[in-house]
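# Report on the structure
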Protein chains: 2
Amino acid sequence: MSETPPHRKRDASATTEAILTAAREVFTEKGYDGAGTREIAERAQVNVALISRYFGSKEGLFAAAVPPMMTLDAVLAGDMAGFGTRLAASLTHKTARKGFDPMLALLRAASSPEAVPVLRQALQAQVLHPLADRLEGPATLERAALIGALVVGFDLLTRVLGLTATGADAMDALEQTLAKSVQALVDQR
Amino acid sequence: MSETPPHRKRDASATTEAILTAAREVFTEKGYDGAGTREIAERAQVNVALISRYFGSKEGLFAAAVPPMMTLDAVLAGDMAGFGTRLAASLTHKTARKGFDPMLALLRAASSPEAVPVLRQALQAQVLHPLADRLEGPATLERAALIGALVVGFDLLTRVLGLTATGADAMDALEQTLAKSVQALVDQR
DNA sequence: ATAATTTGTAATCGGGTGTTGACTTGGTGG
DNA sequence: CCACCAAGTCAACACCCGATTACAAATTAT
């Protein structure tokens, strides 16, 4: 058995990036409390102390890892007439993407006091406000918040709590109803 | 200074009840991970070991404390024409009740794997199904789930993440929009 | 080549967690 | 009265956490 190369080339930016992607994965899977710095470091194949060095603390790592990825741009592209359908599809068509998922990370970190300010600010600035700007009519911010509530609640029920629709046709019905509810909030005026 | 009476009268059912109410409060405030058995015992003025004795484990305590209280009966009473208004009012009129709040407890425990099965079962059996039974038309379970998502998401945004409506009139607009969205899901057919 | 700075390592600190076992105390039935 | 058993106490266990310190190795600058 050949010895594992004792250390890869020294590259600060590469290791910070490795830490960030590992942190995103673990925060997604385990939440803020459940994610341990040792586990993150291990997955990044990096020494634990480097987390403190580069990000100051676990909270600093979370703030650096999660917020930049919270965006609604993909679904917001296109005309708002099809927004409900697009959003519903993006929620039900769980691409089962391994690794980082901003929504799961948010849901599983929301119970940790240290993470709350970070999450609130990012959600406000990068999701709710951009969405409200695309709405017309009265109370755009409130309607945007309700759309956000629908999305967040939907993901909490299905992905975190694991509530499953009973059948494939029920899944279709769910997606259609969701799309209709969202679109009603978009078209309201 | 008189000595504090070294111990109150021995009463197993009274102490289990004290543990339960203390547990409900702490789980509400700190979530499942954040709530410590020692803190619960201290608030109940009870020895920590009694938690293990009476409930087997922290998970057992959670299962005994939270699910029985998850109910929608108060809002479900009355005719379904006013359901949206009633539900929206019950959410925005945060009575700021101190102590136990099943919705907060659910939200802050949802990220803990040990709590998830308990929460899912209780939500399913005591909230979603009773609500679906009161709905008419197609896909009642799916529409009930979406109403649940709206409620859960709304509370997550406002109470857990602390997103605040900018003004009092904005709060009214939010409540009305929420009522309308819920009622639309109720009346759909 | 030598000094200085950055990058990575290893061990440890102080504290907190849920849970357990042995023990003591209180009330009660024989 | 006293033995018995439930109810409560106490101290410890084994484990995990985030953070820090002192040190070694590699890179860069002089």
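Residues numbered from 1 in each chain as written. Chains lettered and ligands numbered in written order. Predicted model: local features only at pLDDT ≥ 70, side-chain atom pairs only at ≥ 80, totals over all residues. Heavy atoms only, no water.

### Side note on the protein's contact with DNA strand D
Taken together, the neighbourhood of DNA strand D is formed by 20 residues, with Thr-37, Arg-38 and Lys-58 of chain A together with Arg-53 and Tyr-54 of chain B sitting nearest. Looking at DNA strand D alone, sugar and phosphate atoms form 45% of those within 4 Å of the protein. Between Arg-10 of chain B and DNA strand D, the recorded distance is 2.8 Å, taken from a side-chain N or O atom to a base nitrogen. Between DNA strand D and Tyr-54 of chain B, the relevant distance is 2.8 Å, taken from a phosphate oxygen to a side-chain nitrogen or oxygen of the residue. The set of elements that each furnish at least two residues to the surface near DNA strand D consists of α2 (37–43) and α3 (49–55) of chain A together with α1 (12–34) and α3 (49–55) of chain B. (Near = heavy atom within 4 Å. Polar contact = N/O pair within 3.5 Å; in protein donor to acceptor, adjacent residues only side chain to side chain. Helix = DSSP H or I, 4+ residues; strand = E, 2+ residues; numbered from the N terminus.)

### Description of helix α8 (residues 116–134) of chain B
Note on helix geometry: an α-helix contains 3.6 residues per turn, so any two residues three or four positions apart are oriented the same way. Residue and element names in this part refer to chain B. Here α8 contains 19 residues, and its C-alpha end-to-end distance of 26 Å stays within 8% of the 27 Å for a straight helix at 1.5 Å per residue. Maximal helix bending in α8 amounts to about 40°, located at Gln-124. Along α8, the positions that sit buried rather than exposed are Val-116, Val-118, Leu-119, Ala-122, Leu-123, Val-127, Leu-128, Leu-131 and Ala-132. (Expected span 1.5 Å × (residues − 1). Bend = angle between axes of the 7 residues up to and from the residue. Buried < 20%, exposed > 50% of the residue type's maximum accessible area, 1.4 Å probe, protein only.)

### Focus: the packing of aromatic side chains
By convention here, two paired aromatic rings are described through the distance between centres and the angle between planes. Taken as a whole and judged by the stated rule, the model has six aromatic pairs over all chains. Between the aromatic rings of Phe-27 of chain A and Phe-62 of chain A, the centroid separation amounts to 5.0 Å while the plane-to-plane angle is 90°, which identifies the pairing as edge-to-face. Of this pair, Phe-27 of chain A sits in helix α1 (residues 12–34) while Phe-62 of chain A is found in helix α4 (residues 58–65), placing the two residues 35 residues apart along the sequence. When its relative accessible area of 0% is taken as the criterion, Phe-27 of chain A is described as buried. Classification of Phe-62 of chain A as buried rests on a relative accessible area of 1%. Every member of this aromatic cluster is reached through a ring pair, and the members are Phe-27, Tyr-32 and Phe-62 of chain A. Above the plane of the ring of Phe-100 of chain B lies Arg-24 of chain B, whose end atom (NZ or CZ) is 6.0 Å from the centre. (Phe/Tyr/Trp six-rings, centres within 6.5 Å; stacked < 30°, edge-to-face > 60°. Lys NZ or Arg CZ within 6 Å of the ring centre and 35° of its normal.)

### Details of the relation of the copies chain A and chain B
Mapping chain A onto chain B leaves a residual RMSD of 0.0 Å; the transformation is a rotation of 180° accompanied by 0.0 Å of translation along its axis. When the rotation and shift are considered jointly, the pair of chain copies conforms to a two-fold rotation axis. Minimal C-alpha distance to the rotation axis in chain A is attained by Gly-153 of chain A, lying at 1.9 Å. Of the residues that chain A buries at the interface, 100% are likewise interface residues in chain B, meaning the two copies contact each other through the same surface. (Least-squares fit on C-alpha atoms with pLDDT ≥ 70 in both. Contact = heavy atoms within 4.5 Å.)

### So, unusual backbone geometry
Despite not being glycine, Gln-45 of chain A has its phi angle at roughly 55°, a positive value. With respect to the secondary-structure elements, Gln-45 of chain A resides in the loop between α2 and α3.

### Remarks on the interface of chain A and chain B
Facing 39 residues of chain A, the contacting portion of chain B comprises 39 residues. Interface area, chain A with chain B, both sides summed: about 3,200 Å², of which 76% is carbon and sulfur. Inspection of the chain A/chain B interface yields zero salt bridges. Here chain A and chain B share three residue pairs in polar contact (both at pLDDT 80 or more) between them. Of all elements in the fold, only α7 (102–109), α8 (116–134), α9 (140–160) and α10 (168–187) of chain A reach the threshold of two or more residues within the side of chain A that touches chain B. The dominant element in the side of chain A that touches chain B, judged by the number of residues it contributes, is α9 of chain A, at 13 residues. Of the residues assigned to the side of chain A that touches chain B, the class counts are 24 nonpolar, nine polar and six charged. (Buried area = accessible area lost by both parts, 1.4 Å probe. Salt bridge = Lys/Arg side-chain N within 4 Å of Asp/Glu carboxyl O. Nonpolar A, V, L, I, M, F, W, Y, C, P; charged D, E, K, R; others polar.)

### Points about the packing of α1 of chain B against helix α4 (residues 58–65) of chain B
Residues and elements named next belong to chain B. At their nearest, the axes of α1 and α4 sit 10 Å apart, and the two run at 105° to each other. Looking at the two axes, α1 sits roughly perpendicular to α4. Across from Ile-19, Leu-20, Ala-23, Arg-24, Phe-27, Tyr-32 and Asp-33 in α1, the residues of α4 making contact are Lys-58, Glu-59, Leu-61, Phe-62, Ala-64 and Ala-65. Of the residues assigned to the contact of α1 with α4, the class counts are nine nonpolar, no polar and four charged. (Axes fitted to C-alpha atoms, helices over the stretch in contact; angles between N-to-C directions. Parallel < 35°, antiparallel > 145°, perpendicular 65-115°, else oblique.)

### Focus on the pattern of salt bridges
As enumerated under the stated definition, the model contains 12 salt bridges over all chains in all. When the shortest N-O distance is used, the salt bridge between Lys-30 of chain A and Glu-39 of chain A registers 2.9 Å. In this structure Lys-30 of chain A comes out as partly exposed when scored by relative accessible area, which is 35%. Asp-155 of chain B is paired through a salt bridge with Arg-159 of chain B; the nearest N and O atoms lie 2.8 Å apart. On the criterion of helical spacing, the pair formed by Asp-155 of chain B and Arg-159 of chain B is a turn pair, its members being four residues apart in helix α9 (residues 140–160). Because the salt bridges share partners, they merge into one network encompassing Glu-25, Glu-29, Lys-30, Glu-39 and Arg-43 of chain A.

### Overview of empty space enclosed by the protein
Across all of its chains, the model carries two cavities of 30 Å³ or more by this definition. In this structure, the largest cavity spans a volume of roughly 60 Å³. Counting residues per element, the ones that place at least two in the lining of the largest cavity are α1 of chain A together with α1 of chain B. Across the lining of the largest cavity, the residue classes tally to two nonpolar, eight polar and six charged. By volume, the second largest cavity amounts to about 30 Å³. Around the second largest cavity, the lining residues are Leu-107 and Leu-156 of chain A together with Leu-107, Ala-110 and Leu-156 of chain B. Tallied by class, the residues present in the lining of the second largest cavity amount to five nonpolar, no polar and no charged. (1 Å grid on protein atoms, 1.4 Å probe; cavity = no way out; pocket = protein on both sides within 12 Å on 5 of 7 lines; lining within 4 Å. Points joined across faces, edges and corners; volume = space filled by probe spheres on them.)

### Thoughts on the protein's contact with DNA strand C
DNA strand C sits among 21 residues. The nearest are Arg-10, Arg-53 and Tyr-54 of chain A together with Arg-10 and Arg-38 of chain B. Protein-proximal atoms of DNA strand C, defined as those within 4 Å of the protein, fall in sugar or phosphate at a share of 47%. Ala-35 of chain B has a polar backbone atom sitting 3.2 Å from a phosphate oxygen of DNA strand C. Interatomic distance of 2.8 Å between a side-chain N/O atom of Arg-38 of chain B and a base nitrogen of DNA strand C. For the surface near DNA strand C, the secondary structure elements donating two or more residues are α1 and α3 of chain A together with α2 (37–43) and α3 of chain B.

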